[in-house]
Amino acid sequence: MEKLKDVIRNHDFNPEDYDGFMCSEFQFMRFFFLENRDLLTCFDEVNSFLAANGFLELNFTDFKEELSISADGVGLYADPYVNETNRKLILTINKYDPWNNSIDLMIVELIRLRKEKDWAKFQNPKNLALALSIETSKLLEQFLGEKPAEVNKQKIKEKLATVFSYSLLLAENYGLDIKEIVLEKIQNHNEEYPIENGKGLNEKADK
């Protein structure tokens, strides 16, 4: 089975495959029952689940003081009735994190707009890619016959916003993490064109 981190953004994501459920549109939740186990043993089970699914493990020392901890979109806290029957630890994992991530905030707002306008039926991957291509061409048109310093900045802003919007929606459709794929692209470029003797990509490309 695929790692939770790799599929949580997918449209066909099924939380039950990971013994959890979506407590909101953007948050996965799973219970870990203490039963006859001590707190550390149950906490270790949580960390095993996180590690197996592509997430960083949590620190038990930090958790033990407040019986709650959160980091990088992952949260864990003890049930308020932790000393009663059926006590449990509650794990939450954000599908999107609009409160702390500006890219996710834009995606969430675009999704909300799509729902309000009932545009989902039109915004399939092919149509998004086609619209992205068209809007990129319109962006290029702003420079035709103009010097870069003389182009209409307001129109550039509008076209860029449209290009970014379609790009974000296309990435969302395939469950891709924008930050992750861009940083991966940068890393791949650095590996393919390493800086040697003070010369970077531009110097090598000139040869």
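Residues numbered from 1 in each chain as written. Predicted model: local features only at pLDDT ≥ 70, side-chain atom pairs only at ≥ 80, totals over all residues. Heavy atoms only, no water.

A. Representation of the overall build of the protein chain in the model. Check the secondary structure of the protein chain and you find 8 helices and 5 strands. N-terminal to C-terminal, the α/β element order of the protein chain is α-β-β-α-α-β-β-β-α-α-α-α-α. Since a compact globule built from 207 residues should have a radius of gyration of about 17 Å, the 23 Å found for the protein chain marks it as more spread out than a globular shape. With the principal axes as the frame, the protein chain shows a C-alpha extent of 75 × 55 × 30 Å. Burial statistics for the protein chain: of 207 residues in total, 33% are counted as buried. Once local pairs closer than 6 in sequence are excluded, the contacts in the protein chain between residues at least 24 apart make up 51%. (Helix = DSSP H or I, 4+ residues; strand = E, 2+ residues; numbered from the N terminus. Rg over C-alpha atoms; globule rule 2.2 N^0.38 Å. Buried < 20%, exposed > 50% of the residue type's maximum accessible area, 1.4 Å probe, protein only. Contact = heavy atoms within 4.5 Å.)

B. Inspection of the nonpolar core at higher detail. Among the nonpolar cores identified, the biggest contains 24 residues, and Leu-4, Leu-76, Leu-89, Leu-91 and Ile-93 are the most heavily contacted of them. For this core, the secondary structure elements donating two or more residues are helix H1 (4–7), strand S2 (27–33), helix H2 (39–52), helix H3 (60–66), strand S4 (74–78) and strand S5 (88–94). Broken down by element, this core gets its largest block of residues, 5 residues, from H2. (Core = buried A, V, L, I, M, F, W, Y, C linked by side-chain atoms within 4.5 Å.)

C. A look at the sheet that holds S5. Spatially, S1-S2-S5-S4-S3 is the arrangement adopted by the 5 strands of the open sheet, whose pairing is antiparallel. Looking along the sheet, the strands with just one partner apiece sit at the ends: strand S1 (21–24) and strand S3 (68–71). Averaged over all pairs of adjacent strands, the angle between their axes in this sheet comes to 25 degrees, without regard to strand direction. Judged from the 7 bridges that link them, S2 and S5 form a sheet pairing that is antiparallel. Looking at S5, one finds that Phe-33 is bridged to Lys-88. Sitting on the sheet, H2 touches S2, S4 and S5, and the angle it makes with S5 is about 25 degrees. (Pairing = 2+ DSSP bridges. Axes fitted to C-alpha atoms, helices over the stretch in contact; angles between N-to-C directions.)

D. Seen up close, helix H7 (residues 178–192). Here H7 spans 21 Å end to end across 15 residues, near enough to the 21 Å set by a 1.5 Å rise per residue. Capping the start of H7, Asp-177 holds a side-chain oxygen 3.1 Å from the backbone nitrogen of Lys-179, two or three residues further along. (Expected span 1.5 Å × (residues − 1). Polar contact = N/O pair within 3.5 Å; in protein donor to acceptor, adjacent residues only side chain to side chain.)

E. Spatial organisation of helix H5 (residues 125–141). The end-to-end C-alpha distance of H5 is 24 Å, a good match for the 24 Å that 17 residues give at a rise of 1.5 Å each. Those residues of H5 that fall on the buried side of the exposure criterion are Leu-128, Ala-131, Leu-132, Glu-135 and Leu-139. On an axial view of H5, the arc spanned by its buried residues comes to 105 degrees, and they lie on one face. In H5, those exposed residues whose orientation departs by more than 90 degrees from the buried face are Lys-126, Leu-130 and Leu-140. Those residues of H5 hidden inside the fold are in contact with helix H6 (153–173). Of the residues flanking the start of H5, the one acting as N-cap is Asn-124, its side-chain oxygen 3.1 Å from the backbone nitrogen of Lys-126. (Arc of directions from axis to C-beta.)

F. Highlighting a nonpolar patch on the surface. Taken together, the side chains of Tyr-174, Leu-176, Ile-181, Val-182, Leu-183 and Ile-186 define a hydrophobic patch exposed on the protein surface, amounting to about 520 Å² of accessible area. For Ile-186, the location among the structural elements is in helix H7. Residue classification places Ile-186 among the partly exposed positions, given a relative accessible area of 43%. (Patch = residues over 30% accessible without salt bridge, like charges linked within 9 Å, V, L, I, M, F, W, Y side chains within 5 Å. Areas by Shrake-Rupley, 256 points an atom, 1.4 Å probe, with all protein chains shown as cover. Salt bridge = Lys/Arg side-chain N within 4 Å of Asp/Glu carboxyl O.)

G. The confidence of the model for the protein chain, seen in detail. For the protein chain, the average pLDDT comes to 88, and 91% of its residues sit at 70 or higher. When mean pLDDT is compared element by element in the protein chain, H2 scores highest at 96, while helix H8 (residues 201–205) scores lowest at 50. (pLDDT = per-residue confidence, 0-100.)

H. Summary view of the packing of aromatic side chains. Tallied over the entire structure, the rule returns 9 aromatic pairs. Ring centres of Phe-43 and Phe-60 lie 5.1 Å apart, and the angle between their planes is 65 degrees; on these two criteria the pair is classed as edge-to-face. With Phe-43 in helix H2 and Phe-60 in helix H3, this pair connects stretches of sequence that are 17 residues apart. When sorted by exposure, Phe-43 lands in the same class as Phe-60, which is buried. Note on Phe-60 and Phe-63: the rings are 6.4 Å apart at their centroids and 40 degrees apart in plane angle, and the pair reads as tilted. Of this pair, Phe-60 and Phe-63 both sit in helix H3, 3 residues apart, which is roughly one turn of the helix. When its relative accessible area of 18% is taken as the criterion, Phe-60 is described as buried. For Phe-63, a relative accessible area of 0% translates into the label buried. (Phe/Tyr/Trp six-rings, centres within 6.5 Å; stacked < 30°, edge-to-face > 60°.)

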